[in-house]
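Residue-level structure breakdown
Letter by letter, the chains look like this.
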Amino acid sequence: SQVSGGIVMIIFNILILSLEGNVGVAAYGVIANISIVVTALYTGLAQGMQPLISTYYGLNHKDHIRKIMNYGQFTMILLSVVMYAVLFVFASQVTGIFNSEGNTVLQKIAEVGLKLYFTSNIFVGFNTITATFFTSIEKALPAHILSLLRGLVLIIPLAFVMSALWGMNGIWLCFPVTEAVTAILGFFIYFKMIKTFSA
């Protein structure tokens, strides 16, 4: 995940540089910094769930695992809605924190970026929790598949295609699209697996 994140950031910077120059790259820096905080919240939630799921899996208390997953998903959805609402409503103020020089072009690009890029919130949260769930119950393969799809397989080609079609909006939206497609696949695998827990 860490390696792929670096590769994706380099590719995004190259594409944005060709579209909007240094100001666009600076605007992406705003988004990337906030994204680290958002992702950290989901990672913290998933890591808090992981030892509980692993313990109950070892004890074969599958009903407890389902409850933890339900609580975790509810918390994730609540976090996602609140964070996106804050970023959407206060996009100008949030961008202004990073735009000390008052660059109007940077301000405009970053505000639009905040509103588009972070539509990914709920999908990022779901994917983070789901991958942790798979790892916790000794199902490493689906966890690796989700990580690879999110980190390299989908996002890189989508970045090239969507930026060519829609410019900066394509750049901002390729991350939510990647996470959404991964979440759909993850949901089907998760749903199929969690159904066996009712037995």
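What you see is a predicted model; the values in this text were computed from it and never measured.

Focus: the overall build of the protein
If you tally the helices and strands in the protein, you get seven helices and zero strands. Going from the N terminus to the C terminus, the protein shows its helices and strands as α-α-α-α-α-α-α. A compact globule built from 199 residues should have a C-alpha radius of gyration of about 16 Å, and the protein, at 18 Å, falls within 12% of that. The dimensions of the protein, computed from C-alpha atoms along their principal axes, are 60 × 30 × 25 Å. Relative to its full complement of 199 residues, the protein shows a buried share of 43%. Of all intrachain contacts in the protein linking residues separated by at least 6 positions in sequence, the fraction that spans at least 24 positions is 74%. Accessible area of the protein: about 10300 Å², with a carbon and sulfur share of 70%.

So, the packing of aromatic side chains
In the structure shown here, the tally under the stated rule is 11 aromatic pairs. Summarising the aromatic geometry, the rings of tyrosine 117 and phenylalanine 175 are spaced 4.7 Å apart at their centres and angled 10° between planes, so their arrangement reads as stacked. With a gap of 58 residues between them, tyrosine 117 in helix 4 (residues 104–117) and phenylalanine 175 in helix 7 (residues 155–195) connect regions that are remote in the sequence. Overall, the relative accessible area of 6% leaves tyrosine 117 in the buried class. According to the relative accessible area criterion, phenylalanine 175 is buried, its value standing at 13%. On the numbers, 5.2 Å between centres and 80° between planes, the contact of phenylalanine 133 with tyrosine 190 is edge-to-face. Of the two residues, phenylalanine 133 is situated in helix 5 (residues 121–136) and tyrosine 190 in helix 7; the sequence distance between them amounts to 57 residues. Residue classification places phenylalanine 133 among the buried positions, given a relative accessible area of 0%. For tyrosine 190, a relative accessible area of 10% puts it in the buried group. Through a chain of ring-to-ring contacts, the aromatic side chains of Phe126, Phe133, Phe134, Phe187, Phe188, Tyr190 and Phe191 assemble into a single cluster. Lying over the aromatic face of phenylalanine 88, lysine 115 brings its terminal NZ or CZ to 5.0 Å of the ring centre.

With respect to the layout of surface pockets
Estimated volume of the second largest pocket: approximately 200 Å³. Lining of the second largest pocket is provided by Arg66, Asn70, Gln73, Met76, Ile77, Ile122, Phe126, Phe187, Tyr190, Phe191 and Ile194. Elements supplying a minimum of two residues to the lining of the second largest pocket: helix 2 (62–89), helix 5 and helix 7. Broken down by class, the residue content of the lining of the second largest pocket amounts to eight nonpolar, two polar and one charged.

Quick word on empty space enclosed by the protein
According to the stated counting rule, one finds one cavity of 30 Å³ or more in the structure shown. Estimated volume of the largest cavity: approximately 40 Å³. In terms of lining, the largest cavity is formed by Ser35, Val38, Thr39, Tyr42, Phe118, Ser120, Asn121, Val124 and Phe175. Secondary-structure elements contributing two or more residues to the lining of the largest cavity are helix 1 (2–58) and helix 5. Element by element, the count of residues in the lining of the largest cavity is highest for helix 1, at four residues. When the residues that make up the lining of the largest cavity are grouped by side-chain class, the tally is five nonpolar, four polar and no charged.

How each quantity is defined
- Residues numbered from 1 in each chain as written.
- Predicted model: local features only at pLDDT ≥ 70, side-chain atom pairs only at ≥ 80, totals over all residues.
- Heavy atoms only, no water.
- Helix = DSSP H or I, 4+ residues; strand = E, 2+ residues; numbered from the N terminus.
- Rg over C-alpha atoms; globule rule 2.2 N^0.38 Å.
- Buried < 20%, exposed > 50% of the residue type's maximum accessible area, 1.4 Å probe, protein only.
- Contact = heavy atoms within 4.5 Å.
- Areas by Shrake-Rupley, 256 points an atom, 1.4 Å probe, with all protein chains shown as cover.
- Phe/Tyr/Trp six-rings, centres within 6.5 Å; stacked < 30°, edge-to-face > 60°.
- Lys NZ or Arg CZ within 6 Å of the ring centre and 35° of its normal.
- 1 Å grid on protein atoms, 1.4 Å probe; cavity = no way out; pocket = protein on both sides within 12 Å on 5 of 7 lines; lining within 4 Å.
- Points joined across faces, edges and corners; volume = space filled by probe spheres on them.
- Nonpolar A, V, L, I, M, F, W, Y, C, P; charged D, E, K, R; others polar.

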